[in-house]
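# Examination of the molecular architecture
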Amino acid sequence: MESLTESKCEVFSNFDVLVNKVEEKIETTKYFLVLDDLWNEDPIEWNKLKSILDFGSAGSKIIVTTRSQIVASVVQGLFPPYNLNVLSEAECWSIIKNKAFSPGGAYETPNMKIVGKAIANKCGGLPLAANFFGCLMHSHSDERQWLSFRDNKSLETLGNHSAGIIPILKLSYNNLPSHLKQCFSYCCLFPKDWKFDRETLIQLWMAEGFIHLSNGGNQNLLEDIGNDYFLSLLSRSFFQDVETNLLGDIIPFKMHDLVHDLALSVVAGSHKVMIPNTSEMENDSSQVRRLLLTMKGTPKTYFDALNEATKLRAIFFPAGQIFFQGEGISHQTLLNNKRLRVIHGLVGANRNPKTISFSTFKFKHMRYLNLIYSNLEDVHAESIHQLYNLQTLNLESSQNVQNILKKGIGSLINLRHLNLSHSDANLLPDYRGEPEDVSRIPSGIEKLTRLEVLWPYIVRKNDDVSNIDTCSYNSTPFSIQELAHLISLRKLRILNLENLKGGKIEAETANLKDKQNIQNLDLQWNFEVEEQEEEVDVNNSIMVLEDLQPHPNLKELTIVGFPGLKTPKWMGSSSCHPNLVELNFYYCKSCTKFVGLGQLPCLPLLTIGGMNSVKCLGMEFYYQQQQEEECKGSATRTLFPSLTRLYMVELKNLEEWRFAPPPPDNSFPSLEKVEILECGNLTSIPDLRLWTSSLTELHIVGSEKLEKKPMEYFLGKSLPSVRYTWSDADFVGIFEYASNRWS
């Protein structure tokens, strides 16, 4: 469904509803579907999937890749399987030499080429083996080391069978430093084909004590050192399929299933990691350190065997499924494992919160607690407050969070990551202790000076700020003042900013301008407030946003629901935000003007969505008036110099996107993709011929009033390849321009 719609799939009430939606989408569509690396050998499951896919138009195609002959026989249909040949020795050497002789690696001498080609023969034609050899030979670039790889008797391959590659992967593992061996083998606790989150993995390494500071360095550097560990493993091909954001940070990534087999093999027999089957657990559970619960079979069988597992340090479980009412881990089982450092919920298919049925934690060593999609109904507040060494607390999408936060979290002085997003943490008493349904963050947050991720901070209501004494505001019980001393913050989301009644004075107490570590900032007003509710003070909100100006190091900024008429000057200033790479505006329903965004020097992504008051994107969109005065008669300037992607979505009253400033000014020199969706009153856009040197994708849907069809801008013009989508009431089309013609 997500591939069809290119958006996140909504949560449907049951599987049949999802099936019907997919069938609706494909019944008039000729599709080409690739199912890569399929392992399910159950013909019933395959026929169930194929019966859904059969709704596609005639000519639809499915291609399946697999290493299982059984899978091939199940899915083959009318066509016999096509067996891929292994790579030639020359092709393997091509892969190896490109890595081994890349900058920082070995020198390409005649002798090294001879030895390298001999090593390529050991790959058995397997590209994964060639890739690993290339990485290994890059980091071990001495000729003697290459000769040892060539003469290693354990590297006898078995053609294209997976067993033949494990010794090669094992050789790469053996050449890792000890700290990277720990970090790599830990990944076997995740299921095969798991989409890892880089930040989560680093937090787990930290909790297990795998990340070390040299000479007692700054504790704030732990995440950075962990990221270096991650990049080292990535450079050696232990990780793959990475996806990056605009900051260049890797967010999701995967591990090849054969590399996962290697991770399992290097811990097998050590009794330190156990992915349980009953016989293993009953043999010797006293030495089990880390446990992955697969929830296949009866969980109680596993947990009974754990009563003697007094050395258990980590439990991994499917999110929302670790604790069941009436079965599962007992209170006493957990108490027997006082060395526990990690309880981690893996987000899987089942996201229905289950109730945690024990009453207290007493784990002084606990550093990582992820109870995502859990119901915390029976967890006492004291059980969390005693986790003095806790570094990560993730309660995303959990219920009854207020039960464990209502007494504050100031005792968790080592906490670095706090995630309360989509939970019911807002149902807490206000700062006076009244049992009012008030949105706020738990008290004591100001004591968590090591906190790096606060997602979100919820501003409480404060009816007393009307009596602010500007000379003594530090003694006033501001809610947002709690952020003042959190100098380590890297990611911060602030919700319910309409509750800040003290305007400039109260906003200044957060001291965002001096928080140089913040890279990701999300500022939100409640944009769903009903008309009959208390009106938002617009002037106050303008002052609030003006004084929530972040540090120049900021890289990502999102503004949601801001009720002001225009954006503050600092937002479009190159001197205030020289490093901003992503800027998003959503549902700022009164905002009519975006001031000076064209001056941001490094901004590649701009999104404007749900802004019903915007009628015109004019000159102020490109530069501020003061800057215009300063630039008169000066040299050529470039506006939106780094912008590559521009999204405008549901600007229902937008009528005109005015032409960019004419030459000698240069606008949008790097623009590659433009999406204009559901802007029903739009009549004109800038002359696209000015951008044709870089523009490759143009999508316009739901803008029937445009005076000129955008494709007309391209006619008679020599262009690069352009993909152009157009939709109105009578016509839907996708055109591709290549080789000087449209198809």
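Details of the structure are given in the entry above.
A brief report on the enclosed structure follows. (Residues numbered from 1 in each chain as written. Predicted model: local features only at pLDDT ≥ 70, side-chain atom pairs only at ≥ 80, totals over all residues. Heavy atoms only, no water.)

### Focus on the overall build of the protein
To keep it simple, the criterion reads: Under the DSSP-based scheme used, a helix requires at least four consecutive residues in state H or I and a strand at least two consecutive residues in state E, with every element numbered from the N terminus. Remark: exposure states derive from per-residue accessible area (1.4 Å probe, protein chains only) relative to the maximum for the residue type, with buried under 20%, exposed over 50%, and partly exposed in between.
Within the protein, the secondary structure is distributed over 21 helices and 31 strands. Buried residues in the protein amount to 48% of all 743 residues.

### As for the packing of helix α6 (residues 110-120) against helix α8 (residues 143-150)
Formally: Throughout, an axis means a line fitted to C-alpha atoms (over the contacting stretch in the case of helices), and angles, computed between N-to-C directions, take values from 0 to 180 degrees. By definition in this entry, angles of less than 35 degrees are roughly parallel, angles greater than 145 are roughly antiparallel, angles of 65 to 115 are roughly perpendicular, and the rest are oblique. Definitions for this section: a left-handed crossing has its near helix turned counterclockwise from the far helix by less than a right angle. A right-handed crossing has that turn clockwise. Only heavy atoms enter the contact rule, under which two residues are in contact if any of them lie within 4.5 Å. Residues are grouped as follows: Ala, Val, Leu, Ile, Met, Phe, Trp, Tyr, Cys and Pro are nonpolar; Asp, Glu, Lys and Arg are charged; all remaining types, including Gly, are polar.
Look at α6 against α8: their axes get within 9 Å of each other, and the N-to-C directions meet at 25°. As far as their axial angle goes, α8 and α6 are roughly parallel. As α6 runs across α8, the sense of the crossing is left-handed. On α8, the residues touching N111, M112, V115, G116, A118 and I119 of α6 are E143, W146, L147, F149 and R150. Looking at the contact of α6 with α8 residue by residue, the classes come out as 7 nonpolar, 2 polar and 2 charged.

### Quick notes on helix α12 (residues 222-235)
Which entries qualify depends on this criterion: One less than the number of residues in a helix, times 1.5 Å, gives the span that helix is expected to have. Within this analysis, the arc is defined by the directions that extend from the helix axis to the C-beta atoms.
Over its 14 residues, α12 extends 20 Å from the first C-alpha to the last, a length consistent with the 20 Å expected when each residue adds 1.5 Å. Three or more residues of α12 are buried, namely L222, E223, I225, G226, Y229, F230 and L233. Buried residues of α12 fall within an arc of 165° about the axis and therefore sit on the same side. Along its buried surface, α12 packs onto α10 (178-185), α11 (198-208), β4 (252-253) and β15 (417-419). Once α12 finishes, S237 follows within two positions and takes phi at roughly 70°, a positive value.

### Structural notes on α10
Residues of α10 that are buried include every one of L180, C183, F184 and S185, and no others. Turning to α10, the residues buried within the fold contact α9 (166-174), α11, α12 and α13 (257-267).

### Side note on the packing of aromatic side chains
In plain terms, the rule: Ring pairs are drawn from Phe, Tyr and Trp, using the six-membered ring of Trp, whenever the two centres fall within 6.5 Å, and their geometry is named by plane angle: stacked under 30 degrees, edge-to-face over 60, tilted for the rest. Lysine and arginine charges are scored as sitting over a ring when NZ or CZ, respectively, is within 6 Å of the ring centre and within 35 degrees of the ring normal.
Applying the stated rule across the entire model yields 23 aromatic pairs. A ring pair is formed by F132 and F238, whose centres lie 5.1 Å apart and whose planes are at 90°; its orientation type is edge-to-face. Placement of F132 in helix α7 (residues 127-139) and of F238 in the loop between α12 and β4 is noted, with a sequence separation of 106 residues between them. For F238, a relative accessible area of 1% translates into the label buried. Their ring planes at 85° and their centres at 5.5 Å tell us that Y186 and F210 sit as a pair that is edge-to-face. Of the two residues, Y186 sits in the loop between α10 and β3 (196-197) while F210 sits in the loop between α11 and α12, which places them 24 residues apart along the sequence. With relative accessibility at 5%, the residue F210 sits in the buried group. Chaining the aromatic ring pairs together yields one cluster made of Y186, F190, W194, F196, F210, F230, F239, F253 and F316. The cationic tip of K181 hangs over the ring face of Y173; the distance from NZ or CZ to the ring centre is 5.5 Å. Cation over ring: K491 sits above W455, and NZ or CZ is 5.3 Å from the ring centre.

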